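Survey of secondary and tertiary structure
If you want the building blocks of each chain, they are given just below.
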Amino acid sequence: MTDKVWVYIDQFNGEAIPSSWEAIDAARMLADELGGGVTAVIAGSEVQQLSEQAIQYGADQVYLCDDGTLQEFRAEPYASLVSGLAGEHHPEVILFPTTSRGRELAAMVAVDLKTGVLPDVTALEVQDGNVIATRPVYGGKLLAKAVCSARPQLVTLRVRAFSTPEADSSRTGNVNQVAAAVSEDNISTKVSGYTESSRGVSLNDAAVIVSGGRGVSNNPSLEPPDGMDENEAEIWRAQEGFKLIGDLAGVLGAAVGASRAAVDAGYIPYNQQVGQTGKVVSPDMYIACGISGAIQHQAGMRTSKVIVAINKDPEAPIFKMARFGVVGDLFEILPPLTESLRSRLSS
Amino acid sequence: MKIVVCVKQVPDTTAKVVVEDKQVTWGDMPLVINPWDEYAVETALLQQEAHGGDVTVISVGGEDANVALKHALAMGCGNAILISDPGLENADSLVTSQALAAAIQKIGDVDLACFGRQAIDGDVGVTAAQTARVLGWPSLTLVSAISELDPGSGSIRVERSVEEGRQVVEGKLPAVVSVVKDIGEPRYPSFMGIRKASRAEIPVWSVAEMGAEVSDPVVTWPEISNPPKVEVVTEIISGGSTAEIAETLAEKILEVKVV
Ligand SMILES: Cc1cc2nc3c(=O)[nH]c(=O)nc-3n(C[C@H](O)[C@H](O)[C@H](O)COP(=O)(O)OP(=O)(O)OC[C@H]3O[C@@H](n4cnc5c(N)ncnc54)[C@H](O)[C@@H]3O)c2cc1C
Ligand SMILES: Nc1ncnc2c1ncn2[C@@H]1O[C@H](COP(=O)(O)O)[C@@H](O)[C@H]1O
């Protein structure tokens, strides 16, 4: 069968990253224009079950490489596998979800096959057989259309920019087992350990994000325990503030984010930072608490569908982007807000 | 130890970047070193302080890329090289990485090449991995800490910051690393550094001088535009008491049906 449109299924510990299914939906749209079906590429160790899933979400055939060397993600052997398959079968386009793995993989495959990468794309169309990819640039201040004249065109899709297809358990497709491209002796890196990041919903694919800024430490009426110096007291207050943010996030099934000011002050780890030098997110709802909305923060959350702002300062720039705003003290607003949502959602 | 750090020049993060007559402009805001690359420079300098050797900063760009190179010199890098060539004017990331790899090879005996995670103009985030691939070196991207580096035995161990947590990876030198913020706050240029940098004559290498060949660019940008204005009508929620405001906001949040 012709297989012009490929999708790389990103997985971690044998579980597919949900945005891989979004990529299958986008691939279906491209295949309707370019002809042929949708081919999924799956790599890992003990990942056979992902083939079934990929087919249910819309893949027509699968290349599956199940190999011990692929247990942990390492870009080199994964890239050699994808480049080898693509070099043999000549797809027109390969879609990857924009995860750290998808981006690095696309980068390396582009070198192997002397082609281009169009990363972090938010919309796709086909014109004269070419994929036209729309991507935000300059921290989302501008939109660019990008085209790649070589083949395959390598595109990584921004997480949550495309819809998730319905899984259909009656779908069938061919699974082709393929061998790994590189043996362990020829892989120059080893993964020697792993520390899980804090539990909770991941920022990357959260539908709702509740974020805190410098304002979360601003509650002079909170008395810190004895013996803390100025600095410790500030962090203690901030942690009390982030507890309120965490409570709200818990009720909404949301992830917790932060501004750079909150990260730099040591209130919360850098992993949670949203913005130009943090994560770029596009949830359905972004609730900013005690965040002024500096341009660099906006760069990370501008594409959120609905923005809610809670801030003491009516002039804060965040209100210009917000659908709903409350001018007030987050320490006063958040507890009753969380309670009200809790009772409404449980009834 | 021989270290190279790759930096790019970009518009300041606060610049009002817009498209006018199909051209990207940002008024009279100065160009600056890509903020992520300051972390790469810091990484290079920390490794030099720990293991000795020298740090060379390189950039692919026009004459104006000297601002970024001079900033890195002022922070403490020993040498700078500008890679400039009419053939690189429309470089895509593959071409840029081939040029960077060629320069790294011409410098010779390099143990470590440091990159930022992403350039904040194109937001591409692939050049480090691509340069590693061109060189055939291990690609250690999104590094939040270099926990061990031994130039003698040529080993390196890093922590990578990925979605699911921190991955500890070991590799062999020479290697490419791209770094994230956790690596440590970049130092400010010293007074002496700024003086030295302002006097520096930065050599320019062309592709031919590096004895290299680069591909023809394959990625083009047929259209660049200002994003459509989304008119948000902000509804400020007020009420007699905090409880009342909280109730109304809760109602609104649930009304938009995303939860
Ligand atoms: C190169 C560069 C890159 C950057 N990258 C990023 C980035 O990735 N992400 C990012 O976020 N920033 C980034 N910044 C920093 C950015 O410019 C701002 O400094 C930062 O976003 C401010 O964070 P903030 O809104 O929490 O703090 P502030 O600007 O100090 O705002 C705090 C807000 O909290 C409100 N407030 C105070 N107390 C309360 C209370 N009790 N209740 C309610 N509201 C209260 C105040 O009215 C104020 O509006 C970057 C800057 C530079 C130069
Ligand atoms: N033109 C360039 N010259 C030197 N280094 C660059 C250039 N472009 C990108 N880089 C490096 O590659 C990193 C990632 O850039 P990018 O892939 O463009 O997002 C940057 O942080 C720099 O370290």
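Read on for an overview of the structure.

Further remarks concern the sheet that holds strand β16 (residues 285-289) of chain A. Strand order in the open sheet made by the 6 strands is β15(A)-β14(A)-β16(A)-β17(A)-β18(A)-β15(B), with parallel pairing throughout. Two strands lie at the open edges of the sheet, namely β15 (255-258) of chain A together with β15 (235-236) of chain B, each paired on one side alone. For β16 of chain A and strand β17 (residues 306-311) of chain A, the ladder comprises 5 bridges, and the chain directions are parallel. Looking across to β17 of chain A, one finds that I287 of chain A is bridged to V308 of chain A. In the packing of helix α5 (residues 230-252) of chain A onto the sheet, contacts are made with β14 (208-212), β15 and β16 of chain A, and the angle to β14 of chain A comes to roughly 175°. Against the sheet, helix α9 (residues 330-346) of chain A engages β16, β17 and β18 (324-327) of chain A, with an angle of about 130° to β17 of chain A.

Near ligand 1 lie 28 residues; those nearest to it are R214, S259, T277, S292 and Q296 of chain A. Neighbouring residues of ligand 1 are distributed over chains A and B. The contact in question runs from an oxygen atom of ligand 1 to an N or O atom on the backbone of G290 of chain A, over 3.0 Å. In the environment of ligand 1, a nitrogen atom lies 2.9 Å from a nitrogen or oxygen atom belonging to the backbone of L330 of chain A.

On to the site of ligand 2. Residues and elements named next belong to chain B. Every one of the 18 residues lining ligand 2 counts as a neighbour, but C6, D37, A119, G125 and T127 are closest to it. Within the backbone of C6, an N or O atom sits 2.7 Å from an oxygen atom of ligand 2. The backbone of G116 places a nitrogen or oxygen atom 2.9 Å from an oxygen atom of ligand 2. Relative to its free-state accessible area of 480 Å², ligand 2 is covered by the protein chains to the extent of 96%. Sorting the residues of the shell around ligand 2 by element identifies β6 (54-60), α3 (93-107) and β8 (112-116) as the ones contributing at least two each.

So, about the packing of α5 of chain A against α9 of chain A. Angle between the axes and distance between the axes are the two parameters that describe a pair of packed helices. Residue and element names in this part refer to chain A. Close contact between α5 and α9 brings their axes to 9 Å; oriented N to C, the two are set at 20°. Taken together, α5 and α9 sit at an angle that is classed as roughly parallel. When the axes of α5 and α9 are compared, the crossing they make is left-handed. Taking contact as the criterion, the partners of R237, G241, L244, I245, D247, L248, V251 and L252 in α5 are, on α9, L330, F331, L334, P335, L337, T338, L341, R342 and L345.

Turning next to the packing of aromatic side chains. In total, this model carries 7 aromatic pairs over all chains according to the counting rule given. Considering the side-chain rings of W6 of chain A and Y63 of chain A, the 5.4 Å spacing of their centres and the 50° angle between planes classify their relative orientation as tilted. Note that W6 of chain A is positioned in strand β1 (residues 5-9) and Y63 of chain A in strand β5 (residues 61-66), a separation of 57 residues in sequence. Each member of the pair, W6 of chain A as well as Y63 of chain A, carries the same accessibility label: buried. Measuring from ring centre to ring centre gives 6.2 Å for W36 of chain B and Y39 of chain B, while their planes differ by 45°; the resulting arrangement is tilted. Residue W36 of chain B and its partner Y39 of chain B are located together in helix α1 (residues 35-51), separated by 3 residues, close to a single helical turn. Exposure remark for W36 of chain B: the relative accessible area of 1% places this residue in the buried category.

The rules behind the values
Residue positions are counted from 1 within each chain, in the order its sequence is given. Key to labels: chains lettered from A, ligands numbered from 1, both in the order written. Given that this is a predicted model, residues contribute local features only at a pLDDT of at least 70 and side-chain atom pairs are listed and counted only at 80 or more, while totals for whole chains, interfaces and linings are drawn from all residues. To obtain the side-chain values, all non-hydrogen atoms of the structure were used and water was disregarded. If DSSP finds at least two bridges between two strands, the strands pair. Secondary structure elements follow DSSP: runs of H or I of four or more residues count as helices, runs of E of two or more count as strands, with numbering from the N terminus. Residues are treated as being in contact if the distance between any of their heavy atoms lies within 4.5 Å. Structural elements are reduced to axes, namely lines fitted to C-alpha atoms, with helices fitted over the stretch in contact, and the angle between N-to-C directions of any two is expressed from 0 to 180 degrees. The rule for a residue being near a molecule or strand is that one of its heavy atoms must lie within 4 Å of it. N or O atoms closer than or at 3.5 Å make up a polar contact, with two conditions inside protein: a donor-capable atom paired with an acceptor-capable one, and, for residues adjacent in sequence, both atoms drawn from side chains. Per-residue and other accessible areas were derived by the Shrake-Rupley procedure at a 1.4 Å probe size, with only the shown protein chains allowed to occlude residues. When describing relative orientation, an angle under 35 degrees is termed roughly parallel and one over 145 degrees roughly antiparallel, while 65 to 115 degrees is termed roughly perpendicular and anything else oblique. Crossing handedness is read from the near helix: turned anticlockwise from the far helix by less than a right angle, it gives a left-handed crossing, and turned clockwise, a right-handed one. Stacked, tilted and edge-to-face are the three classes assigned to paired rings of Phe, Tyr and Trp, where Trp is represented by its six-membered ring and a pair needs centres within 6.5 Å; plane angles under 30 degrees give stacked, over 60 edge-to-face, the rest tilted. Throughout, exposure labels follow a simple rule: accessible area from a 1.4 Å probe, protein chains only, divided by the maximum for the residue type, with under 20% read as buried, over 50% as exposed, and the rest as partly exposed.

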